[in-house]
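Residue-level listing of the chains:
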Amino acid sequence: MTVNKEHWKCPSCGETGRSVSGMTLSAHLTDMAKERLKSNGGFAFCANDQCSVSYFGSHIFFAKDCRHLIFQKSSDPQRLVCYCFKHSVAEIQDEIRNTGATTVLPSIRNRCRKGLDECERNNPQGSCCLGNVTRVVKGAQSSGKIADAECKDASCCTTTEKS
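Below: a short report on this structure. All figures in this text were calculated on a predicted structure; none of them were measured in a lab.

Quick notes on the rules
- Residues numbered from 1 in each chain as written.
- Predicted model: local features only at pLDDT ≥ 70, side-chain atom pairs only at ≥ 80, totals over all residues.
- Heavy atoms only, no water.
- Helix = DSSP H or I, 4+ residues; strand = E, 2+ residues; numbered from the N terminus.
- Buried < 20%, exposed > 50% of the residue type's maximum accessible area, 1.4 Å probe, protein only.
- Core = buried A, V, L, I, M, F, W, Y, C linked by side-chain atoms within 4.5 Å.
- Contact = heavy atoms within 4.5 Å.
- Salt bridge = Lys/Arg side-chain N within 4 Å of Asp/Glu carboxyl O.
- Phe/Tyr/Trp six-rings, centres within 6.5 Å; stacked < 30°, edge-to-face > 60°.
- Expected span 1.5 Å × (residues − 1).
- Arc of directions from axis to C-beta.

## Observations concerning the overall build of the protein
1) Next: The helix and strand tally for the protein stands at seven helices and six strands.
2) Next: Its helices and strands taken in sequence order, the protein reads β-α-α-β-β-β-β-β-α-α-α-α-α from the N to the C terminus.
3) Next: With 163 residues in all, the protein has 41% of them scored as buried.

This is the structure in C-alpha cells:
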C-alpha cells in the first residue's frame, strides 16, 4: 500500500511522524486503547514534545493511551530513555553529575552490536533510542538539562550499529 506523505503529518501539530509497526502499538497502548485500534492503514509516532498526540493514523492516540511514560512526551526525570535496557534520564544525569561521565551510551551500543535490543517492540517511537540517549548525555554534560537538538535520523543505530 502506498501511503500519502500527508498521512504522516500529525493532525495536531503538523510535524512529520515516524512510521511505527503494529508490534510497536501493541506493546505500548493500553488494553482500552487497543480496543479502538483499527487494523487498516499504518500508524506514525509524533515525537514533538509540545504535542499531545503520541500515535496517529486511522485513529489518534494520546500519552494517556499508553502503558508508560514516553520519553518525548514527558519531563519526568524517571522516564525511560532506553526502553530495551531500562535506562532513565535521571540515571544518566546522576551518573554524569557524580562521575563526570556515563557508561550508559557505550553499554547500549555494545548490547545493540550483540543483537540484544528489541527497539521496534520496546521503544514507543518504534526505533533505536541512541539519538535520544546522546541528547540526554550531551545535555547533562553541558547544563544538567536535556539538549534541544534531537536525532531526527531513525537510522542512528540500525543494522550498521549491530555489525
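What follows continues from the structure just given.
## Observations concerning the nonpolar core
1) Next: Ranked by internal contacts, the top residues of the largest apolar core, which has 21 residues, are Phe71, Val81, Cys82, Ile92, Ile108, Val133 and Val136.
2) Next: Put simply, the parts of the chain that give this core at least two residues each are strand 5 (80-82), helix 3 (89-99), helix 4 (104-113) and helix 6 (130-142).
3) Next: In contact with Val81, not counting residues within four places along its chain, are Phe71, His87, Ser88, Val89, Ile92, Cys129, Asn132, Val133 and Val136.
4) Next: One finds Val20, Ala33, Ala47 and Phe61 within the second-largest nonpolar core, a separate group that totals eleven residues.

## Remarks on the pattern of salt bridges
Here the idea is simple: oppositely charged side chains can pair when their charged atoms come close.
1) Next: The full count for this structure, using the stated rule, is five salt bridges.
2) Next: Between Asp31 and Lys34 there is a salt bridge, and its shortest N-O distance comes to 3.8 Å. Of this pair, Asp31 and Lys34 both sit in helix 2 (residues 31-35), three residues apart, roughly one helical turn.
3) Next: A residue is classified by how much of its surface remains accessible, and Lys34, at 25% relative accessible area, is partly exposed.
4) Next: When the shortest N-O distance is used, the salt bridge between Arg67 and Asp31 registers 3.5 Å. A residue pair is termed long-range when its members are at least 10 positions apart, and Arg67 in the loop between strand 4 (60-62) and strand 5 and Asp31 in helix 2 qualify at 36 residues.
5) Next: Accessibility expressed as a relative area gives 45% for Arg67, which makes it partly exposed.
6) Next: Residue Asp31 is classed as exposed on the basis of its relative accessible area, which comes to 54%.

## A short note on the packing of aromatic side chains
1) Next: One pass over the structure, following the stated rule, counts two aromatic pairs.
2) Next: Pairing Phe43 with Phe61 gives two aromatic rings, centres 6.0 Å apart and planes at 45°, and the pair type is tilted. With Phe43 in strand 2 (residues 43-45) and Phe61 in strand 4, this residue pair connects regions lying 18 residues apart in the sequence.
3) Next: On the accessibility criterion, Phe43 (4% relative accessible area) is buried.
4) Next: Residue class for Phe61 comes out buried when judged on its relative accessible area of 0%.
5) Next: Taking 5.7 Å as the distance between ring centres and 55° as the angle between the ring planes, the aromatic pair formed by Phe45 and Tyr55 counts as tilted.

## Digging into helix 6
1) Next: End to end, helix 6 covers 18 Å across 13 residues, agreeing with the expected 18 Å (1.5 Å per residue, within 8%).
2) Next: Considered for burial, the residues of helix 6 that qualify are Leu130, Gly131, Asn132, Val133, Arg135, Val136, Val137, Gly139 and Ala140.

## Examining unusual backbone geometry
1) Next: Located in the positive-phi region is Lys86, a residue other than glycine, with phi close to 60°.
2) Next: By the secondary structure assignment, Lys86 is in the loop between strand 5 and strand 6 (87-88).

## A closer look at helix 3
1) Next: Every buried residue belonging to helix 3 is among Val89, Ala90, Ile92, Gln93 and Ile96, and all of these are buried. Angular distribution of buried residues about the axis of helix 3 spans 165°; they occupy a single face of the element. Residues of helix 3 that are exposed and point over 90 degrees away from its buried face: Asn98 and Thr99.
2) Next: As for helix 3, its buried residues are in contact with strand 5, strand 6, helix 4 and helix 6.

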